[in-house]
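Letter by letter, the chains look like this.
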Amino acid sequence: MTDQRPAAEPTGKKPVRRGDIQGLRALAVGLVVVAHAGVPGVDGGFVGVDVFFVLSGFLITGLLLKEGERTGRVSIAGFYARRARRILPAATVVLLAVLAWAAWQESVTRLESIRSDALWSSVFLSNVHFASIGTDYFATGEESPLQHYWSLAVEEQFYVVWPLLVLALLVLRARRRVLFVILLALTLASLAWSVWQTTHSPIEAYFSSFARAHELGVGALLAMAAPALAVLADRARNALVVIGLAMVAVATVTFDATTAFPSWNALLPVLGTAALVAAGCGREARWSQLLGRQPLRYLGDLSFSIYLWHWPVLILGGPHVDGWWGTIGLLALTLGLSSLSYHFVEQPFQTGRVPKLRGMRFLALWPVSLALVLVGAQLATSYGEAELERSRQAAAAYYDEHPDALGRAKASNVEQSLLDALELADSGAPVPPDLDNLDRLGRDIWQRPFKDCYASFPDSDHEVCPAGDDGAERTVVVYGDSHAGMWAPAVAKLGQRAGYRVVPLIKVGCAPYDVTQRNKGTEYPSCPEFREWAEEQIRDLQPEVIVLAHRGLLSVEGETDEEKEEAWRGGVEKTVAELLEVTPRVKVLGDIPTAPEDPRDCLSTADAKLADCVANEEGAEIRSNPITEEATDVAGGDYVDTTSLICQSGRCPLVVGNQVTYRDKAHLTLSWTRLVTRRLGELLDL
């Protein structure tokens, strides 16, 4: 990934620059960019990162071995001075540029997230950070503009260990064969771990340094085997070029977001790259010389800067352009910024044109880079908060001039309150400065009344916590995933009024129906286990009413939308029919739409209008509603449409009166569900 120049194999001969390596770098960054740009047919372009890893392991190990053979030692300080010179200037400039843009254009909450990402990136631990917060590399929407720094972190973590191991073996006068065997063992161990972790925890595996180390290890093994590879015949070299390109191409066009990765699948682009590198060891094959021609060679020079710039340009620029021409414009901007970055940031440091920076003095770049990012992050936060305060003062002045504009949400007429909110949004009114529950939005959640009375992802049961009228003889069960939990406090309030004991049986991410779901791309065995437990509780409780709720089509297993929808239909029908054997009153709540962005992002954007904070009645959840309704009707249950409790005329305001309606993109606030309790009771006939 880093801008390491092609080096000769460690044979002791005069160094020869390998043009094919630069061409491979151009190929690698090109694959990544076109995949991220959404070009059809190249969903697997993310394997360009794996190409980079192999090249990096090969080049860096070659330099270390050459230094060891020439001097009998490896200068660790010198190694990190060279790394600082090559990666820190451009990487730091991009971090600062992203922070500046975020302060200028993004919401305060989004800025805070980017600020955190920048700080983790500045210490090359962003892969650990993204894994720890559950970032799905392939998910769309709200991607961090610094998410791509994970791969730089993987490299630098690898190079914390690898030079030290080479130095230790040189000190012990170990032969190259010993180093090769040790590296081979570590590479195989990393591969084994990658396979295991991808199966059990794919998000963590994608970002894991140890799950990726075998990719750099393959490159390092190639560097150690370079003298033996130098005797390859031309026919074998040309065959390696064809085979290598074919392997990378197959991975590019056949892999996608559903591919288990890295695991065994990473071997396809990794070994393909290894074949291409091996073809040029000693002398370049005739066909690999094509990779060293212009403009590939120049793009290879720019590859590090292109990699750094392309992702933030696409992510931050995407909302400001439309269609393919807009994307092409962003790619052109990426190329322009990369060229400027290469010539005016990278090259001055690499060619010694920066005054007073020579040799070991480049080590100073490590603390200087960190200090610049820390200062930049603080300045960005201060600017963003000042702009938000200015806009809130302007909003307060608007509502002082229009005192009747912001009516209160009325529990007695929810539908009219929603229509009034939409009318106010259409008038161009700003986001009110003092919303009742904005500052406590993180705590305005359904879990608060129930504490530990629900099952998290690994749990297959939970404590049974009756609510409502705990002394009542009649029972209502609320059964489902977090969307059932979202409505549970309102049902509990209804139970208290109408004389029902309310028992929530809730597991996050697990619909109550007989349908296979996944959890963050992996198997979810605790979900069917929970359903068995919950249905046993229902049989024991013999409730008078069962209320089912769900997040429609969430992570349903299936190759196509049609398969997922049919699985959902069958699961709803089967489960409702089975529960009707317990009680004739089975109520199935329809789902609500997902908001286009986190409400905190919308509401903390300087100069935001209420019209900016309106969701549309669309998406997978809304698509699931007619399927759920039909399946419920076939089984004999009662379907209850809940969209009218948050949407009118196909639109769903995130602010009604002085209330924020959505707690996050997918869940209503506890405050709002309490406000609509009376209307929900009418719909449920409770």
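Predicted model only: the values in this text are computed from it and were never measured.

### What about the overall build of the chain?
Part 1: Counting its regular elements, the chain contains 23 helices and 12 strands.
Part 2: For a compact globule of 686 residues, the expected C-alpha radius of gyration is about 26 Å, and the chain comes in at 29 Å, within 12% of that figure.
Part 3: In the structure as shown, the chain presents an accessible area of about 28,600 Å², 57% of it carried by carbon and sulfur atoms.

### Concerning helix α9 (residues 209-229)
Part 1: The first and last C-alpha atoms of α9 sit 28 Å apart over 21 residues, in line with the 30 Å expected at 1.5 Å per residue.
Part 2: Along α9, the sharpest change in direction is near 40° and occurs at A223; proline P227 comes one to four residues later.
Part 3: The N-cap of α9, judged by a side-chain oxygen 3.3 Å from the amide nitrogen of F210 a few residues on, is S208.

### Here's the deal with the confidence of the model for the chain
Part 1: Overall, the predicted model of the chain reaches an average pLDDT of 91, with 97% of residues at or above 70.
Part 2: Across residues 5-15, where pLDDT falls below 50, the model places 34 contacts with residues more than four positions away in sequence or in other chains.

### Considering unusual backbone geometry
Part 1: Following F261, the chain continues into P262 via a peptide bond in cis, with omega recorded as 10°.
Part 2: Topologically, P262 is positioned in the loop between α10 (234-254) and α11 (267-279).
Part 3: P295 follows Q294 through a cis peptide bond whose omega is 5°.
Part 4: Topologically, P295 is positioned in the loop between α11 and α12 (296-317).
Part 5: Phi at K451 is positive, roughly 50°, even though this residue is not glycine.
Part 6: The backbone of Q542 shows a phi angle near 50°, a positive value even though the residue is not glycine.
Part 7: Turning to its location among the elements, Q542 is positioned in the loop between α18 (526-541) and β6 (545-549).
Part 8: Q542 gets classed as partly exposed once you look at its relative accessible area, which sits at 48%.

### Structural notes on the pairing of strand β7 (residues 586-589)
Part 1: Both faces of β7 are covered, namely the face carrying V586 and V588 and the face carrying K587 and L589.
Part 2: Pairing between β6 and β7: 3 bridges, direction parallel. Note on β7: the bridge partner recorded for L548 is V588.
Part 3: In this view, the connection linking β6 to its parallel neighbour β7 by way of helix α19 (residues 561-579) has right-handed handedness.
Part 4: In this sheet, strand β9 (residues 638-640) lies alongside β7 in parallel orientation, the contact comprising 3 bridges. If you follow K587 over to β9, its bridge partner there is D638.

### Digging into the state of the cysteines
Part 1: In the structure shown here, the tally under the stated rule is 4 disulfides.
Part 2: Sulfur-sulfur distance for the disulfide between C510 and C527 comes to 2.1 Å. On the sign convention where negative is left-handed, the bridge of C510 and C527, at about 85° about the S-S bond, is right-handed. You can see C510 sitting in the loop between β3 (500-506) and β4 (518-519) and its partner C527 sitting in helix α18, a full 17 residues away along the chain.
Part 3: We classify C510 as buried; its relative accessible area is 1%.
Part 4: The partner cysteine of C647 in its disulfide is C652, sulfur to sulfur 1.9 Å.

### Overview of the packing of helix α2 (residues 48-71) against α9
Part 1: The geometry of α2 relative to α9 is characterised by a closest axis approach of 7 Å and an angle of 45° between their N-to-C directions. Judged by the angle between their axes, α2 and α9 are oblique. Between α2 and α9 lies a crossing whose hand is right-handed. Contacts between α2 and α9 involve D50, F53, V54, S56, G57, F58, T61, G62 and L65 from the former and R212, E215, L216, G219, A220, L222, A223 and M224 from the latter.
Part 2: Class assignment for the residues of the contact of α2 with α9 results in 9 nonpolar, 5 polar and 3 charged.

### Notes on a positive patch on the surface
Part 1: The grouping of R443, R448, K493, R497, R674 and R678 at the surface amounts to a positive patch.
Part 2: Along the chain, R443 turns up in the loop between α15 (414-426) and α16 (447-450).

### Let's talk about the pattern of salt bridges
Part 1: Summed over all chains, the structure comprises 24 salt bridges.
Part 2: Notably, a salt bridge pairs E544 with R585, separated by 3.4 Å at the nearest N-O pair. Remark: R585 occurs in the loop between α19 and β7 and E544 occurs in the loop between α18 and β6; sequence separation between them is 41 residues.
Part 3: Owing to a relative accessible area of 31%, E544 belongs among the partly exposed residues under this scheme.
Part 4: Linked through salt bridges whose partners overlap, the residues forming this network are D50, R212 and E215.

### A look at the side chain of S75
Part 1: Within the secondary structure layout, S75 lies in the loop between α2 and α3 (76-105).
Part 2: For S75, a relative accessible area of 12% corresponds to the buried category.
Part 3: Setting aside its immediate chain neighbours within four residues, S75 contacts E67 and M360.

### Quick notes on the pairing of strand β2 (residues 474-480)
Part 1: In terms of residue burial, β2 counts as a mostly covered element, since 6 of its 7 residues are buried.
Part 2: Judged from the 7 bridges that link them, β2 and β3 form a sheet pairing that is parallel. Looking at β3, one finds that V477 is bridged to V503.
Part 3: Sheet analysis places β2 next to β6, joined by 5 bridges and oriented parallel. Bridging across to β6, V476 finds its partner in V545.

Conventions adopted
Residues numbered from 1 in each chain as written. Predicted model: local features only at pLDDT ≥ 70, side-chain atom pairs only at ≥ 80, totals over all residues. Heavy atoms only, no water. Helix = DSSP H or I, 4+ residues; strand = E, 2+ residues; numbered from the N terminus. Rg over C-alpha atoms; globule rule 2.2 N^0.38 Å. Areas by Shrake-Rupley, 256 points an atom, 1.4 Å probe, with all protein chains shown as cover. Expected span 1.5 Å × (residues − 1). Bend = angle between axes of the 7 residues up to and from the residue. Polar contact = N/O pair within 3.5 Å; in protein donor to acceptor, adjacent residues only side chain to side chain. pLDDT = per-residue confidence, 0-100. Contact = heavy atoms within 4.5 Å. Buried < 20%, exposed > 50% of the residue type's maximum accessible area, 1.4 Å probe, protein only. Pairing = 2+ DSSP bridges. Right-handed = clockwise from strand over helix to strand, strands pointing away. Disulfide = S-S within 2.5 Å. Axes fitted to C-alpha atoms, helices over the stretch in contact; angles between N-to-C directions. Parallel < 35°, antiparallel > 145°, perpendicular 65-115°, else oblique. Left-handed = near helix turned anticlockwise from the far one by under 90°. Nonpolar A, V, L, I, M, F, W, Y, C, P; charged D, E, K, R; others polar. Patch = residues over 30% accessible without salt bridge, like charges linked within 9 Å, V, L, I, M, F, W, Y side chains within 5 Å. Salt bridge = Lys/Arg side-chain N within 4 Å of Asp/Glu carboxyl O. Lys, Arg positive; Asp, Glu negative; His and termini not counted. Charge placed at Lys NZ, Arg CZ, Asp CG, Glu CD.

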